[in-house]
Amino acid sequence: MSIRDIQVDLEGKVAVITGGARGLGLTISRTLGRAGAVVTIVDKDENALSQAKESLKDSGLERVETIAADLTDVSQISRVFRTIETTFGKLDILVNNAGVNVPKP
């Protein structure tokens, strides 16, 4: 058995992926969506959010939401979770993928 053989049913679950508009976060968003979860991507880059949503919908996922927020701002974190509560009434899966990369020599 390989990892590709594992099947997970997340139908009806609400998943939030921070930093989910690019790279690993986008791959996680796509994987959870394909398993049946309603995917909500949180990212500070509105352009990347728009592209991610379009990409996921083009790959067949219909239940994709996006929230633009800078998670270094506590008030925006509160807004994100109020929005999720208002929209879905629950949160089943949280993937804390957002991060800051400050390259230094």
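Quick note: structure is the one above.
What comes next concerns the included structure.

Observations concerning the sheet that holds strand 1 (residues 14–18)
Working step 1: Spatially, four strands are ordered 3-2-1-4 in an open sheet, and the strand pairing comes out parallel. Unpaired on one side and paired on the other, strand 3 (64–68) and strand 4 (93–96) mark the two borders of the sheet. Averaged over neighbouring strand pairs, the angle between their axes works out to 15 degrees when direction is ignored.
Working step 2: When strand 2 (residues 38–43) meets strand 3, the two strands line up parallel, connected through five bridges. If you follow Thr40 over to strand 3, its bridge partner there is Glu65.
Working step 3: In the packing of helix 2 (residues 46–58) onto the sheet, the strands contacted are strand 2 and strand 3, and the crossing angle to strand 3 comes to about 175 degrees.
Working step 4: Together, strand 1, strand 2, strand 3 and strand 4 form the strand contacts of helix 3 (residues 74–88), whose direction differs from that of strand 3 by roughly 150 degrees.

Procedures and definitions
Residues numbered from 1 in each chain as written. Predicted model: local features only at pLDDT ≥ 70, side-chain atom pairs only at ≥ 80, totals over all residues. Heavy atoms only, no water. Pairing = 2+ DSSP bridges. Helix = DSSP H or I, 4+ residues; strand = E, 2+ residues; numbered from the N terminus. Axes fitted to C-alpha atoms, helices over the stretch in contact; angles between N-to-C directions. Contact = heavy atoms within 4.5 Å.

Take it as geometry only, folks, not as evidence of what the structure does.
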